[in-house]
Amino acid sequence: MTSVETNTPGQYADVNGVRLYVETHGAGRPMILLHGGLGSGEMFAPVLPTLAAGHQVILVDLQGHGRTADVDRPIDFALMADDIAALIDHLGLDRPDLVGFSLGGGVAMHVAFRHPEKVGRLVSASANIRRDAIYPEMLAQQGGVNAAAAEFMKDTPMYELYQRVAPRPEDFPRLLDKIGEAMRVDFDFTEQVRGLRVPTLVMAADADMAPPSHYVEVFKLLDGGLRDGGWTGEGRPTGGHALAILPGLSHYDIVDSPLFAAATLAFLDQGR
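Reading guide: rules and limits
- Residues numbered from 1 in each chain as written.
- Predicted model: local features only at pLDDT ≥ 70, side-chain atom pairs only at ≥ 80, totals over all residues.
- Heavy atoms only, no water.
- Helix = DSSP H or I, 4+ residues; strand = E, 2+ residues; numbered from the N terminus.
- Buried < 20%, exposed > 50% of the residue type's maximum accessible area, 1.4 Å probe, protein only.
- 1 Å grid on protein atoms, 1.4 Å probe; cavity = no way out; pocket = protein on both sides within 12 Å on 5 of 7 lines; lining within 4 Å.
- Points joined across faces, edges and corners; volume = space filled by probe spheres on them.
- Expected span 1.5 Å × (residues − 1).
- Contact = heavy atoms within 4.5 Å.
- UniProt positions renumbered as here; feature names shortened; annotations may be inferred.
- Polar contact = N/O pair within 3.5 Å; in protein donor to acceptor, adjacent residues only side chain to side chain.
- Axes fitted to C-alpha atoms, helices over the stretch in contact; angles between N-to-C directions.
- Parallel < 35°, antiparallel > 145°, perpendicular 65-115°, else oblique.
- Nonpolar A, V, L, I, M, F, W, Y, C, P; charged D, E, K, R; others polar.
- Pairing = 2+ DSSP bridges.
- Right-handed = clockwise from strand over helix to strand, strands pointing away.

## Overview of the environment of Gly195
Step number 1: Assignment of secondary structure puts Gly195 in the loop between helix H7 (190-194) and strand E8 (200-207).
Step number 2: The class for Gly195 is partly exposed, based on a relative accessible area of 39%.
Step number 3: For the pair formed by Gly195 and Leu51, sequence separation is 144 residues and the distance between their alpha carbons is 29 Å.

And the structure:
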């Protein structure tokens, strides 16, 4: 059973035992927008007006993030992907496009891995498919994320956001523990990516958390970058996939950029 409440700026949808916070903006072809770790749908505020000008944008706060309270299970790509698949059914959406950044990009990919029949097009931004692709110094930082770090994060935007909107602000240390635990787990989604049947835009900043070569590797798994594209595009990837490395940006400001919105819309609106 699912239910919706509308006593907030958005609404709550009960799916899979999680009360997901959902906001809807604009009208047109639906696009589900998934935020990064320790963030919320609010992180897309700089680009939301552009994205919502011609699309129905559905912002979701993932498990334990933003206005969605945590539940008694790990922070896990597959579990959160199943939440989004259940939300698609709950909202009665017909193959919406999925756009995700970082953690949200991984979740969006897993929706496409696990529920391809529910997805139109996929944009995965700054999402790595192998843990060992991440720069060693970043892996070291991730290894130190736990509840004890909460005190040191009190001056950060992530902490401020959580304290302002979370149903249980005191859960922030618990979220850090879960995120830290998730980031310490090794992963390699190479074979799942190779089997993707949803048209996918692989996007990253030119100074992202992994080198540009990693995102080129993902594109190659999707039949991209292996030959000349041809005068009429006949040599492009057979599944309709694409690659965008955005200049002058990093993991921490890519979703603020007009380039993020432009590349996303160009891909989603292609041929429509």
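## Side note on the layout of surface pockets
Step number 1: Put simply, the largest pocket is a space of about 1300 Å³.
Step number 2: Lining the largest pocket we find 47 residues, and of these Gly37, Ser102, Leu103, Ile179 and Met183 sit closest to its centre.
Step number 3: At the level of secondary structure, the elements contributing two or more residues to the lining of the largest pocket comprise helix H2 (77-91), helix H3 (103-114), helix H4 (136-143), helix H5 (157-165) and helix H6 (172-183).
Step number 4: Top element by residues in the lining of the largest pocket is H6. It accounts for six residues.

## Concerning H6
Step number 1: The first and last C-alpha atoms of H6 sit 16 Å apart over twelve residues, in line with the 16 Å expected at 1.5 Å per residue.
Step number 2: Within the span of H6, buried status applies to Phe172, Leu175, Leu176, Lys178, Ile179 and Gly180.
Step number 3: Of the surrounding secondary structure, the elements contacted by the buried residues of H6 are H5.

## Structural notes on the UniProt feature "domain: AB hydrolase-1" (unreviewed entry) in the protein chain
Step number 1: UniProt marks residues 30-134 with the feature "domain: AB hydrolase-1" (unreviewed entry), using the numbering shown here.
Step number 2: The span residues 30-134 is 30% helix and 20% strand, and its two end C-alpha atoms sit 32 Å from each other.

## As for helix H9 (residues 258-268)
Step number 1: Among the residues of H9, those classed as buried are Phe260, Ala261, Ala263, Thr264, Leu265, Phe267 and Leu268.
Step number 2: The backbone nitrogen of Leu259 has a side-chain oxygen 2.9 Å away, supplied by the residue at the start of H9, namely Ser257.

## Some words on the packing of H2 against H3
Step number 1: Running from amino to carboxyl end, H2 crosses H3 at an angle of 70°, the nearest separation of the two axes being 8 Å. Classified by the interaxial angle, the pair formed by H2 and H3 is roughly perpendicular. Taken together, the residues of H3 that come into contact with H2 (itself represented by Phe77, Ala78, Met80, Ala81, Asp82 and Ile84) are Leu103, Gly106, Val107, His110, Val111 and Arg114.
Step number 2: Among the residues making up the contact of H2 with H3, the classes are represented as eight nonpolar, two polar and two charged.

## What to know about the pairing of strand E6 (residues 97-101)
Step number 1: Of all the five residues making up E6, five are buried; the element is thus mostly covered by neighbouring parts of the structure.
Step number 2: Neither face of E6 is left uncovered, since the one carrying Asp97, Val99 and Phe101 and the one carrying Leu98 and Gly100 both have all their residues buried.
Step number 3: Looking at chain direction, strand E4 (residues 29-34) and E6 are connected through four bridges and run parallel. Within the sheet, the bridge partner assigned to Leu34 lies in E6 and is Gly100.
Step number 4: Examined bridge by bridge, E6 and strand E7 (residues 122-125) share four bridges and lie parallel to one another. Each residue of the ladder has a partner; that of Val99, found in E7, is Val123.
Step number 5: For the crossover from E6 across H3 to E7, the handedness is right-handed.

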